[in-house]
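Inside the fold
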Amino acid sequence: MIIDAHAHADEYRLFGWIDPPERVIQLMDRAGIDISVITTYAEAPFNPAAVENLIDYVQRFPDRLLGFVRIDPKGAEEAVRVFEHTIRTEPKVKGMKLHPISNLIKPYSPFCTNLLRSAATLDVPVFIHCCDKPLAQPLQIGKAAELCPETTIICHMGGFFRGEEIIRVAQKHRNIILDTSSIPYPRIILQALEAIGPDRIVFASDNPAGDPVSELAKIRNLHLPMEIEEKILYKNIARLLKLDLTGGRWQ
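I will try to describe carefully the structure that is included in this document. Because the structure is predicted, anything quoted here is derived from the model rather than measured.

Considering the pattern of salt bridges
Summed over all chains, the structure comprises 16 salt bridges. We note a salt bridge from Arg-30 to Asp-211, for which the minimum N-O separation is 2.7 Å. Residue Arg-30 is located in helix α1 (residues 21-31), and its partner Asp-211 is located in the loop between β10 (201-202) and α9 (212-220); the two are separated by 181 residues in the primary sequence. A residue is classified by how much of its surface remains accessible, and Arg-30, at 54% relative accessible area, is exposed. Between Lys-74 and Asp-72 there is a salt bridge, with its nearest N and O atoms 3.1 Å apart. Overall, Asp-72 belongs to the buried group, its relative accessible area being 7%. When salt bridges that share partners are traced, they join Glu-22, Asp-56 and Arg-60 into one network.

What follows is the structure, encoded as C-alpha cells:
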C-alpha cells in the first residue's frame, strides 16, 4: 500500500493549468501509488469550482482519490462555512489546503487561525504550503501551529532548501507533520526521522508538479527498516485521515 499525501488535480483555465484527474492517476499507476490526496488550484469560496471540481474528481475515482478542499482565508466567515459544509457533507474530502503564497495571507493571521481552529473542531488536518517564498516560511507556520495547538498541520519538509529549519520548527510543535515532497536531498528525511521520529512523516510527491516515480525512489533508496518505511508510505497518513485499511481495502 502506498498513499501519496499531496497531489493536485484541476482544470484551471484562467492560469492554463490543465491537470485532469486522469493524468494524476496515470502518474500514480506508473509509480505504483494506490491512493492520492488531491487539492485543486482554484480556491473557495471565491471560486466555487474549487469545491465542485474536487467533489467531482473524488466521486469519479472513489478508490483512488481523496480530497483536501482548498480555501482562501480572505473569505472570512464564508470561507469557514464552505469548509465546514464540505467536510460534513462529502466523506471523501478529508481536510483543508491553505496556500499563503497564492492568497497572500500569513498562516498565523486571524483569517487563517479561524480556519485552523475550525479544522481542529472537525478533527481533520490542514495542509499548508511551506518553505519556498515569503508568507510560507517555517517560522511563520510554526507560529500558526503555536496559536492552534489542537490543529494537525501538514507541510513540506523543506520546500527545496529549508529542510533543517522546518525540522527545528516541527521539534518545537508536535502538531506539525512533515511531507517528503519538494526536497532535493534525501538526507533531510533521515534528519527528520532522527529529530521527530517516524510517526510524523508522510510520503508525498506533489504530483503532477513532482514526479511520483522519483519521489518514491527517494524513500526506497534510504533502505529504511520495513516498519518505518510502511509508516511513511501509508500508515501515518491513513491514521491522520482515519482510513480503514482492513484486509488491504480502504474506506
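A few points about the sheet that holds strand β9 (residues 176-179)
The eight strands are arranged β1-β4-β5-β6-β7-β8-β9-β10 in an open sheet whose pairing can be described as parallel. Of all strands in the sheet, those with a lone pairing partner are β1 (3-8) and β10, marking the two edges. Relative to strand β6 (residues 93-98), strand β5 (residues 65-70) runs parallel, the two sharing four bridges. The residue of β6 that forms the bridge with Phe-68 is Gly-95. Sitting on the sheet, helix α5 (residues 110-122) is in contact with β6, β7 (126-128) and β8 (153-156), with an inclination near 165° to β6.

Some points on the packing of α1 against α9
Running from amino to carboxyl end, α1 crosses α9 at an angle of 40°, the nearest separation of the two axes being 8 Å. Judged on the interaxial angle alone, α9 and α1 are oblique. Taken as a pair, α1 and α9 cross one another with a handedness that is right-handed. Across from Leu-27, Arg-30 and Ala-31 in α1, the residues of α9 making contact are Pro-212, Val-213 and Leu-216. By residue class, the composition of the contact of α1 with α9 is five nonpolar, no polar and one charged.

A short note on the nonpolar core
Counting residues in hydrophobic clusters, the biggest one holds 67 residues, and the most contacted among them are Ile-38, Ile-71, Phe-83, Leu-98 and Leu-178. Those residues within four positions of Phe-83 in sequence are excluded, and the remaining contacts are Val-69, Ile-71, Gly-95, Met-96, Leu-115, Ser-118, Ala-119, Leu-122 and Val-124. Formed by 17 residues, the second largest nonpolar core is a distinct cluster that contains Ala-5, Ile-154, Tyr-234 and Leu-243.

Considerations on helix α10 (residues 226-241)
With 16 residues, α10 should reach 22 Å at 1.5 Å per residue; the first-to-last C-alpha distance of 22 Å fits that figure. Turning to α10, its buried residues are Glu-229, Ile-232, Leu-233, Tyr-234, Asn-236, Ile-237, Ala-238, Leu-240 and Leu-241. Remark: Lys-242 follows α10 within two positions and exhibits a positive phi of approximately 60°.

Details of unusual backbone geometry
For the bond from Ala-44 to Pro-45, the omega torsion is 10°, close enough to zero to count as cis. With an omega of 5°, the peptide bond running from Asn-207 to Pro-208 counts as cis. Checked against the element boundaries, Pro-208 lands in the loop between β10 and α9. Phi is positive for Asp-123, which is not a glycine, with a value near 60°. In this fold, Asp-123 is placed in the loop between α5 and β7. A positive phi angle, close to 60°, is found at Lys-242, a residue other than glycine. Mapped onto the elements, Lys-242 comes out in the segment after α10.

Rules used in this analysis
Residues numbered from 1 in each chain as written. Predicted model: local features only at pLDDT ≥ 70, side-chain atom pairs only at ≥ 80, totals over all residues. Heavy atoms only, no water. Salt bridge = Lys/Arg side-chain N within 4 Å of Asp/Glu carboxyl O. Helix = DSSP H or I, 4+ residues; strand = E, 2+ residues; numbered from the N terminus. Buried < 20%, exposed > 50% of the residue type's maximum accessible area, 1.4 Å probe, protein only. Pairing = 2+ DSSP bridges. Contact = heavy atoms within 4.5 Å. Axes fitted to C-alpha atoms, helices over the stretch in contact; angles between N-to-C directions. Parallel < 35°, antiparallel > 145°, perpendicular 65-115°, else oblique. Left-handed = near helix turned anticlockwise from the far one by under 90°. Nonpolar A, V, L, I, M, F, W, Y, C, P; charged D, E, K, R; others polar. Core = buried A, V, L, I, M, F, W, Y, C linked by side-chain atoms within 4.5 Å. Expected span 1.5 Å × (residues − 1).

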